[in-house]
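# Structural description and commentary
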Amino acid sequence: MAGHGSKRVIFAALAGNSLIAITKFAAAVYTGSSAMLSEGIHSLVDTGNQGLLLYGLKKSKQPADQRHPFGYGAELYFWSFVVAILIFAVGAGVSLYEGIQKVLHPHPVSNPYVAYVVLGLAMIFESVAWWIAYKEFNQLRGKKTIFSAVRDSKDPTVFTVLFEDSAAMLGLIVAFFGLLGVQYLGLAWLDGAASILIGVILAGTAALLAFETKGLLIGEGASPEVLAKIEAIIDATPAIDNLNEIRTLHRGPRDVLLALSVDFIDEVVAGTVEETIYSLERTIKMQIPEITRLFIEVQAQKHHEEMLAQEKAALSPPDN
């Protein structure tokens, strides 16, 4: 499951975006700025997105039942994917539409200083939320690069909020310069152009989030570090002659399904096999707590290779 840090990041973003959305909409109505309206819609979408992430976290903690014997951990991945779709469809779509309309039918922005004050406040609120998300993400990524950490991460909540907040900061900067251009260059269409650029930023962010969460939703395996630990435990088990195969599946950030195929030494009796399997289950779950479900198949290596060959043939496309 996602940890307490994830919730802290989401709550910080939720509080910040709620305040920002109210002030942006008020400023958009007062000034008539399309860029400010796009920013208000952006913050409103982000606020709803944080609510969906919290809902996903809650649903993912439901215990397994008869209809969902492996639990509800993937609920978090589903709602993270929905968040990416909403950013694209609502945030980017409305911003692009509003910007195009303003470029085609430009009108001056009244009282731009009100918008500057709101943008300044929004930058303060947003930077606080961004910093909280960035610190949490930094703890999770360790020495990895940002893109490697996002690619390898099994917890979409932190990098989703981080990307949202990063897009929000870029949007605020774009809106600020758009208003400056309208005020000092006298080009009313720049406000619309700023709104279009904000829409492009949101669309890019949504596409990246959708790509990353899609992989989690389809099903990703455990990290190489986890696999290495499992292999070490198997290698240290005297009764096992060969590890045929490891298959893992993340059902949630800290909810991994593990299936093992092992070949025991021929001389081992049934009682020893049972005791070894019990010991393996305890050792693996103790050393790797995120493995919540474990299945061990006892199979001769040659039989396992035959089964893999049959499986590969069944999945291969037929020859024309």
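As a starting point, this report considers the structure included with it. (Residues numbered from 1 in each chain as written. Predicted model: local features only at pLDDT ≥ 70, side-chain atom pairs only at ≥ 80, totals over all residues. Heavy atoms only, no water.)

### What about the side chain of Gln299?
- Along the chain, the position of Gln299 falls in the loop between strand S3 (291-298) and helix H10 (301-315).
- Among the residues examined, Gln299 registers a relative accessible area of 14% and is labelled buried.
- Other than its neighbours up to four places away in sequence, Gln299 contacts Asn244, Ser261, Val262, Asp263, His304 and Met307. (Helix = DSSP H or I, 4+ residues; strand = E, 2+ residues; numbered from the N terminus. Buried < 20%, exposed > 50% of the residue type's maximum accessible area, 1.4 Å probe, protein only. Contact = heavy atoms within 4.5 Å.)

### Observations concerning the pairing of strand S1 (residues 240-252)
- Bridging between S1 and strand S2 (residues 255-264) involves ten bridges; their strand directions are antiparallel. Among the inter-strand pairings, Gly252 is bridged to a residue of S2, identified as Asp255.
- Where S1 hands over to S2, the hairpin turn is made up of two residues, counted between the paired strands. (Pairing = 2+ DSSP bridges.)

### Observations concerning the packing of aromatic side chains
- As enumerated under the stated definition, the model contains ten aromatic pairs in all.
- Among the aromatic residues, those joined into a ring-pair cluster are Tyr113, Tyr116, Phe176 and Phe177. (Phe/Tyr/Trp six-rings, centres within 6.5 Å; stacked < 30°, edge-to-face > 60°.)

### Here's the deal with the side chain of Glu245
- When you line up the elements, Glu245 lands in strand S1.
- At a separation of 2.6 Å, a polar atom in the side chain of Glu245 contacts the side chain of Arg247. (Polar contact = N/O pair within 3.5 Å; in protein donor to acceptor, adjacent residues only side chain to side chain.)

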